[in-house]
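This is what each chain is made of:
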Amino acid sequence: MIEVFIMKIENPGCFWVGIKGGGNFVENEMEYKKLQSYMNQFYNKYYRCMDEIKPSVLEEGQVCAVYYQEQKSWCRAIVKSIISCTDYYLAECFLVDYAKSIPVKKEKICVALESFMKLPYRAKKFRLYCTKPVTLCFNYYNDNAETVPAAKWDIAAIQYFQNLFNETTQVEAKLCSVEDDTFDVYLYVTVNGEKVCVNDDLIAKNFACYGTNERTFRIINDQTPKMLNHKSLSATENISPASILWPKLLNVEESKALEVSHPAEKATSNILPETASYSKGAVMAIPPFKQGITVSVTDLPTDSTTCEKTTCIKERKENLHEENITMKLLQFLNPEPLKSKNRQDEEEEHQLNINTHIPVVLSNKIEPCSSLENAPLFPALKKDLLRNHFVGPSHVQSYSWPAIARGCDSVVICPENDPLIYLLPIITFLQSKGCYLSLPARNGPIALIICPGQRKAELVFELLQKYSHCSRPLHPILLLLGMNKEEIKSMKIPRVCEVIVTTPHSLLRLLEYDSLLFLRLCHLVFDEADVLFSEASHQVFNILEYYKTNLNVEGKEFVPQQIVAVGSRWIKDIEYLIKEFMNDPYIVITSLEEAAIYGKLQQVVLVCLECNRISTLLQTMDFTPTNAQKTLIFTSSVKEIDAVYKAVESTSVFCLKIHPETGFHVTHVVEQWNKRFSSGTHIVLVLTDECLPALGITDATCVIHFSFPASPRIFGARLYSMSDHFQNSIEKVSPLVKEQSKAKSILLLTENNSCHAVGILHYLKRTAADIPPELSDFTSGVLETREDSKTGKPLCHCLKLYGFCKDKNRCPDRHRISLPADLPRKVTDDVLPKAGNITILPLFIVDATNYFGRIVDKTKNPYTTLAEEMSQYYTKAGKCRSVDTVEEHALYGLHEANSFHRIQVLEVLSQEEKNMFYRVHIKYIDEGRTGQVQRYKLLYLPEQFQSLPPQAVEFIVCRVKPIDNEVDWNPKVTRYINYKISGKPHEAKIVLALNNTIWVDPVVRVTRLPDLKTSINEYSIRSEILATGLGVDNPEHIHELQRLFRDAETACEKKDSPALNQSLKCETSEQATSSPSILDQATHSSETTEEQVVSNVQEGDAIIDSCSQVTLQNHSNGMVQSEKECESLQPPNECFHPAIQWFEKQDFVILKIKVQNITSHSCKFFTQRIIFSGSAEGKFYWADMELKENIIEEKSSCVLKSNEAVITLAKEKEGSWCHLLKQKNPHVSFDFDHLEDSEERSTFPSGTATKRRHKTGNVVCEKEHESFQHSDTDSDSSTD
């Protein structure tokens, strides 16, 4: 029996079906989808511009490709007939994958490539076997009427045949014969739970009669083959169905060369011409593919009492023939060659069987729906899914649909982020309108779907509209509200609306003004529940309280109440949701590593060296258990199995091993494992991951990961071997009773698995396990190293826009500023300005705060000059020359809308797909936007037009971000800003400039009034965004960017600066002599951490290459933390800024620290910064100064003279300094009383300047004097 679905019906003797059943159905559907995609890509590109794909001659029966308007797709077709019209030819084409005939003009028919014809045609032509039409014939001689065979089917018979399929829920076919392109079948339909044979039903209703066809091959009851002249089964002729249904499927020469050597085989070769060999396993060789095909039939009966092959064949020839025809059909349907099964494939068979049976953890027993037919969806939705070629249900859908469709509370934890898990059964349940008759007659939704963000809500709403059009009207709405109170007040939910898709924040804003919104609510759905609880837990619990408050409303006691939560991780908030708000929920967990968290398995991680794994393993094992222990030790190779087996066996523990190379020995191992053991017995099994599926172990009490699992799926499969000991997380347990998990997972983490340390740490935090301190230290080092390795990556887009990144650990981009990589680039002869006011011209609006445009110089505008020169050049005759060859990243010209642009080619198609009309992906280097154009439109760009650097600059508006912690702007505000600012000049103040990006704040549209000789500020972009209610203030944006910039400067200066002889001290001299300072303790602590990290890292690991970076950053982090503690402990009146006077000479600048009796001091020099600290008379002095000009650190010095510190700064460039500091400091002033004499000149000779180096890795306490930074000018100049 083969399950099919009807595609087109002409009559019972000619109808087309699609094959639905079979183990490879899903794989076949994916192949057809790929074929459709490839055909669309190919013909959409070359249909209008390639004469090579047009057929030179068009004939009837020719295979071609045509465009099918209904599906909006290119399809395979066969030309049925050609009609000559007045000025063109019209061809009737039969779509072989849709069983439809469409008229197509000859000019619109394309050649079908051979690569597109490898899959069999989807539409198969069937007819009822041995069922002939009849008609009513009047006999004038006998004066009566009788039914006699007819040449064509009666209209009533066709109508009855069609009505059968309108009422059926399942259609099956049994193949009887094959002739040309037609399959003769017995057809069975299931109507009201009863299976009916259509062939017999038509005969019983006198619509048909039983008849035979001389051309049809059939097997009669006495098993004697008759009419052996059937073409399609002839051993000496070509098999026509293959050439029709699957072009080039069978190799005819190989089929004809098939030889039969055994006498008995020759005797039966006329009956079964495709049978070349057969044995006890009944192996049949069918005419092969190009590589050959052999099919093993294992379910046929065998006769063990005889050894004669002829006797065996006589007893089985009918079954063999039926199977033979079925196998031939499978050849037509399967896109991949079938493989024979032999004894050498047992290991692959074990893995295959387990891979098809994926474990699932359930709180209540659920009978999964194995196919779409028995899925709990209403019939119209099923038909719509079939029409859209829906492949499913998936593994998680098969378990979740039944529970949700019943209206039960459900929690689904799975890796798939698919809204159809809950959407389709919810739509089905909503069809039962009678369930909601008792609800109050007012506006309000029946179902509420809450999504974690705007983008996910839009996706869910699109799917809801797509799949609800075939149901009763639900009138869904997408609710995304900002903070504009007027908009919220004016928002009215239509009375006919039954489903709302929204976000937590938007819903709560509406609930403030419409507290009765939940009066009709019956279904509450949380999409990505784990994300909702982690990002908006307060809002979600408020919504749940609203829902719980309205449960006792009058009329709701007779309607279903359902909460559905779907997520990818099991977290404690979901556990709380189940216990407090759900009633006997169905829990479906297909992610086995999450099931282990749900089952409260004890997780233990041991950090050790690779060479010490076996000794660590033996130390963790319990050799004298109180109860019976069953331990699985997972390894990655046979060598490791033998080593672990010997080590464990030497401890006198009953130990087993199993691995593929020596055979599975599954039966023996399972028997030993399943024996009943007394208390105190310990059995150990050493194995690899390949062996686990065949064993089916679920009662292990301990799993030791001697080798690190290769993926989370494998890790989950290992943990599932302890599933018998999973605890029920939703059972309420007394707080006085502390349950201890019977099962334990022990993971050995070595230096070779450092790349997984971050993931392991996050997993352990969710399990509430004890985290080893060395793992935390090691993980922080890994994160630092990972960030250091992103030097060549672009700066994180989210960090640039808002000053933060939601998931730094997974984000592939850089989150640190690198001064060498982020230096401002040139747009003219000068680099981008770093400060000041500029005029910007936004041209391409990416979103509300991110634009591309140009800087407009009021004195000179090089781009205007360039545009004029390009226009003059290309308007001359013969200058608009298209390029012959296109290269990636090369510059070209482009003519668009009476203007000429410079563009850069980003992507070029491969050589074999090129022609003069192919499209290339380009970037407008002077505007920032991208697009696609045809190759022939690209113009040669002379060298004089390439000298000017690209003018497009990226602008980012600071201090504003989307509401509700979103990272994407609402399209509404983006459209508004685009309409308001695109193409208009704006005045802006630069906050920061890096690479090709300028951060600006504020950005103002200035309108000049020439009559009044004045100008007004029309609007500020930031204020306009805030006024929409879709943006909020983001003051941390600028501070975070400036902090990153300062860190980058410090890191760059550290790299270039020598080490100091002693570290900075934060205590008085008395405290320094009595006890070590806090900074010294931090240094010692960081050095200890460094030793720990180095001891855990071996040579050859990826982390070793940057071990110094890891330890340096850890050291720096420790120093910063300890210094923060120092600042918190130091009273403000005990840390003073010294008074400083300065004067300059031609090569040096001299600073005098006006503090007497200094007992200890330290000074650090950087290119544009100095840090002085010292102690005097029990007071601690600190000065951190950012210089206006650069100095030479090696030639600068700090000495004591007359109990007063004197700092000498060596100028990088000779000349006078107008300012000493970048920012004004009231403690620093110019020394007007200084007199130049010979003594003072000799005091600071450049050749004897004392050199001081600071210790590498020390991070200096950077105390910012924000109160002195409000002014943009400093008064420490001699000219002030």
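Quick summary incoming for the structure in this document. Small disclaimer: the values here were computed from a predicted structure and weren't measured.

1. Some words on the sheet that holds strand E28 (residues 682-688)
Move 1: One open sheet accounts for 6 strands, arranged E25-E30-E29-E26-E28-E27; its pairing is parallel. Looking at the sheet topology across the chains shown, the edges are occupied by strand E25 (602-607) and strand E27 (654-657). Put simply, the sheet's adjacent strands are angled 15 degrees from each other on average, direction ignored.
Move 2: In this sheet, strand E29 (residues 702-705) lies alongside strand E26 (residues 629-635) in parallel orientation, the contact comprising 4 bridges. Note that in E29 the partner of Thr-631 across the bridge is Cys-702.

2. Re the nonpolar core
Move 1: Phe-526, Trp-570 and Leu-685 are the most contacted members of the largest nonpolar core, which totals 69 residues.
Move 2: Sorting elements by how many residues they give to this core places helix H15 (residues 529-549) first, with 8 residues.
Move 3: With sequence-adjacent residues up to four places away left out, Trp-570 is seen in contact with Val-411, Ile-413, Glu-575, Ile-578, Ile-587, Ile-589, Glu-594, Ile-597, Tyr-598, Ser-729 and Arg-766.

3. What to know about the pattern of salt bridges
Move 1: Summed over the entire model, instances satisfying the criterion amount to 41 salt bridges.
Move 2: The shortest N-O distance in the salt bridge between Lys-456 and Glu-528 comes to 2.9 Å. Here Lys-456 is found in helix H12 (residues 454-468), whereas its partner Glu-528 is found in the loop between strand E22 (523-527) and H15, with 72 residues between them in sequence. No difference in accessibility class separates Lys-456 from Glu-528, as the two residues are buried.
Move 3: A single network of salt bridges, built from pairs that share partners, joins Arg-127, Glu-179 and Asp-184.

4. Some words on the pairing of strand E48 (residues 1169-1176)
Move 1: Most of E48 is tucked away: 8 of the 8 residues are buried.
Move 2: Where burial is concerned, the two faces of E48 agree: the one with Arg-1169, Ile-1171, Ser-1173 and Ser-1175 and the one with Ile-1170, Phe-1172, Gly-1174 and Ala-1176 are both buried.
Move 3: Where strand E47 (residues 1158-1165) folds back on E48, the antiparallel hairpin that results is connected by 3 residues.
Move 4: As paired strands, E48 and strand E49 (residues 1179-1186) are joined by 8 bridges and run antiparallel to one another. Residue pairing in the sheet places Ile-1171 in a bridge with Asp-1184 of E49.

5. Concerning the sheet that holds E48
Two pairing modes exist for strands in a sheet, parallel and antiparallel, and in both the strands are linked by backbone hydrogen bonds.
Move 1: Taken in spatial order, the 4 strands of this open sheet run E44-E49-E48-E47, and their pairing is mixed. Here the strands that pair on one side only, and so sit at the sheet edges, are strand E44 (1135-1136) and E47.

6. Structural notes on the packing of helix H18 (residues 613-620) against helix H19 (residues 638-649)
Move 1: Across the interface, H18 lies against H19 with an axial gap of 11 Å and an inter-helix angle of 45 degrees. Comparing the axis directions of H18 and H19 gives the class oblique. Relative to H19, the crossing made by H18 is right-handed. For the pair H18 and H19, contact is made by Arg-613, Ile-614, Leu-617 and Leu-618 and by Glu-640, Ala-643, Val-644, Ala-647 and Val-648, respectively.
Move 2: Broken down by class, the residue content of the contact of H18 with H19 amounts to 7 nonpolar, no polar and 2 charged.

7. With respect to the pairing of E29
The two faces of a sheet get side chains in turn, since along a regular strand they alternate between them.
Move 1: Here E29 shows two buried faces, one formed by Cys-702 and Ile-704 and the other by Val-703 and His-705.
Move 2: As paired elements, E29 and strand E30 (residues 744-749) share 4 bridges and run parallel to each other. Counted as the bridge partner of His-705 is Leu-747 from E30.

What counts as what
Residues numbered from 1 in each chain as written. Predicted model: local features only at pLDDT ≥ 70, side-chain atom pairs only at ≥ 80, totals over all residues. Heavy atoms only, no water. Pairing = 2+ DSSP bridges. Helix = DSSP H or I, 4+ residues; strand = E, 2+ residues; numbered from the N terminus. Axes fitted to C-alpha atoms, helices over the stretch in contact; angles between N-to-C directions. Core = buried A, V, L, I, M, F, W, Y, C linked by side-chain atoms within 4.5 Å. Buried < 20%, exposed > 50% of the residue type's maximum accessible area, 1.4 Å probe, protein only. Contact = heavy atoms within 4.5 Å. Salt bridge = Lys/Arg side-chain N within 4 Å of Asp/Glu carboxyl O. Parallel < 35°, antiparallel > 145°, perpendicular 65-115°, else oblique. Left-handed = near helix turned anticlockwise from the far one by under 90°. Nonpolar A, V, L, I, M, F, W, Y, C, P; charged D, E, K, R; others polar.

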